[in-house]
Amino acid sequence: SLLDSSLYRSKMANCESRQETYQVQLDSGESISYQIRGLRSDDEIQEWATFCASVFSYKPNPPPPSYFERHYYHDPARVASLVRVAICNDEMVASCRLFLRTLSAGVSAGGIGEVCTRTDHQRRGLSKILLQNVIEIMKERQLQVSMLHAAPTFFPFYEKAGGYVCST
């Protein structure tokens, strides 16, 4: 089958190890460069978990870094490279994670989570770029279903950036 072929495994290794550079021109005329990539190993998970906790700290009951670490390590289908991040000056500034799942009747699915951008880097298209990066990986993996959970205030973003049909 296609899933067992070395060509398919090679293609997956390529899409998951992909790195891209994203340039943003600020109103001030300054240009900022972002590296878009997956986490390289489980060694980066603690840094990523701390980053996510800091970005989600605005919530009434903000999750601590241990929440994101547990969420990752308890995932039986975890793959570090599917935690996509934007790096600026050696710091994580945005994140988007792809969860792999198999639904009933063997339907392959991708869940999207931990979409966040540090406040001083918002409004630069980073979440959109990361979301589109994850959607491209889902297409390359030939996932049949994609889903995400979001607050209604974020529906317009996901509908525009990812083509998602949002509902409550």
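The structure we're discussing is the one just above.
Definitions and limits used
- Residues numbered from 1 in each chain as written.
- Predicted model: local features only at pLDDT ≥ 70, side-chain atom pairs only at ≥ 80, totals over all residues.
- Heavy atoms only, no water.
- Helix = DSSP H or I, 4+ residues; strand = E, 2+ residues; numbered from the N terminus.
- Buried < 20%, exposed > 50% of the residue type's maximum accessible area, 1.4 Å probe, protein only.
- Contact = heavy atoms within 4.5 Å.
- Axes fitted to C-alpha atoms, helices over the stretch in contact; angles between N-to-C directions.
- Parallel < 35°, antiparallel > 145°, perpendicular 65-115°, else oblique.
- Left-handed = near helix turned anticlockwise from the far one by under 90°.
- Polar contact = N/O pair within 3.5 Å; in protein donor to acceptor, adjacent residues only side chain to side chain.
- Core = buried A, V, L, I, M, F, W, Y, C linked by side-chain atoms within 4.5 Å.
- Pairing = 2+ DSSP bridges.
- Expected span 1.5 Å × (residues − 1).
- Salt bridge = Lys/Arg side-chain N within 4 Å of Asp/Glu carboxyl O.
- Patch = residues over 30% accessible without salt bridge, like charges linked within 9 Å, V, L, I, M, F, W, Y side chains within 5 Å.
- Areas by Shrake-Rupley, 256 points an atom, 1.4 Å probe, with all protein chains shown as cover.

A. Summary view of the overall build of the protein. Of the regular secondary structure elements, the protein holds 5 helices and 6 strands. When burial is assessed residue by residue, the protein has 44% of its 168 residues classed as buried. Pairs at least 24 apart in sequence give 59% of the contacts found in the protein among residues at least 6 apart.

B. Fine view of the packing of helix α2 (residues 45-55) against helix α3 (residues 65-73). Between α2 and α3, the least distance of the axes is 7 Å, while the angle of their chain directions is 130 degrees. Between α2 and α3, the angle is such that the two are oblique. Here α2 and α3 pass one another in a crossing that is right-handed. On α3, the residues that touch Ile45, Gln46, Trp48, Ala49, Thr50, Cys52 and Ala53 of α2 are Pro65, Phe68, Glu69, Tyr72 and Tyr73.

C. The arrangement of the side chain of arginine 97 in detail. In this structure, arginine 97 sits in strand β4 (residues 91-102). At a separation of 2.8 Å, a polar atom in the side chain of arginine 97 contacts the side chain of aspartate 75.

D. Fine view of the nonpolar core. Within the largest apolar cluster, 27 residues are counted, with the highest numbers of intra-cluster contacts made by Tyr34, Ala86, Cys96, Leu98, Ile112, Leu131 and Met138. Every element with two or more residues in this core is listed here: β2 (31-38), β3 (83-88), β4, β5 (108-117), α4 (126-140) and α5 (155-162). Looking at this core, the element that brings in the most residues is α4, giving 7 residues. Membership of the second largest hydrophobic core comes to 17 residues, among which are Val55, Phe68, Tyr72 and Ile87.

E. Looking closely at the sheet that holds β3. Across the sheet, which stays open at both edges, the 6 strands sit in the order β1-β2-β3-β4-β5-β6 with mixed pairing between neighbours. Each edge of the sheet is formed by a strand with only one pairing partner; in this case those strands are β1 (20-25) and β6 (145-148). On average, each strand axis in the sheet is tilted by 20 degrees relative to the strand beside it, whichever way the strands run. Alignment of β2 against β3, held across 4 bridges, turns out to be antiparallel. When the bridges of β3 are listed, glutamine 35 appears paired with isoleucine 87. The strands touched by α3 within the sheet are β3, β4 and β5, with β4 carrying the most contacts at an inclination of about 35 degrees. Packed on one face of the sheet, α4 meets β1, β2, β3, β4, β5 and β6 and runs near 30 degrees to β4.

F. Structural context of α4. For α4, with 15 residues, the first-to-last C-alpha span of 21 Å sits near the 21 Å given by 1.5 Å per residue. Among the residues making up α4, those that are buried are Leu126, Ser127, Leu130, Leu131, Asn133, Val134, Ile135, Ile137, Met138 and Glu140. Following α4 by one or two positions, glutamine 142 adopts a phi angle in the positive range, close to 60 degrees.

G. Local environment of the pattern of salt bridges. One pass over the full model with this rule turns up 6 salt bridges. With its nearest N and O atoms 2.9 Å apart, the salt bridge here joins glutamate 44 to arginine 37. One exposure class covers both glutamate 44 and arginine 37, and it is buried. Across the pair glutamate 114 and arginine 97 runs a salt bridge whose closest N-O atoms are separated by 3.8 Å. Of this pair, glutamate 114 sits in strand β5 while arginine 97 sits in strand β4, and the two are 17 residues apart along the sequence.

H. Looking closely at a nonpolar patch on the surface. Together, Leu103, Val145 and Met147 line one region of the surface with nonpolar side chains, adding up to about 200 Å² of accessible area. Mapped onto the elements of the fold, methionine 147 is located in strand β6.

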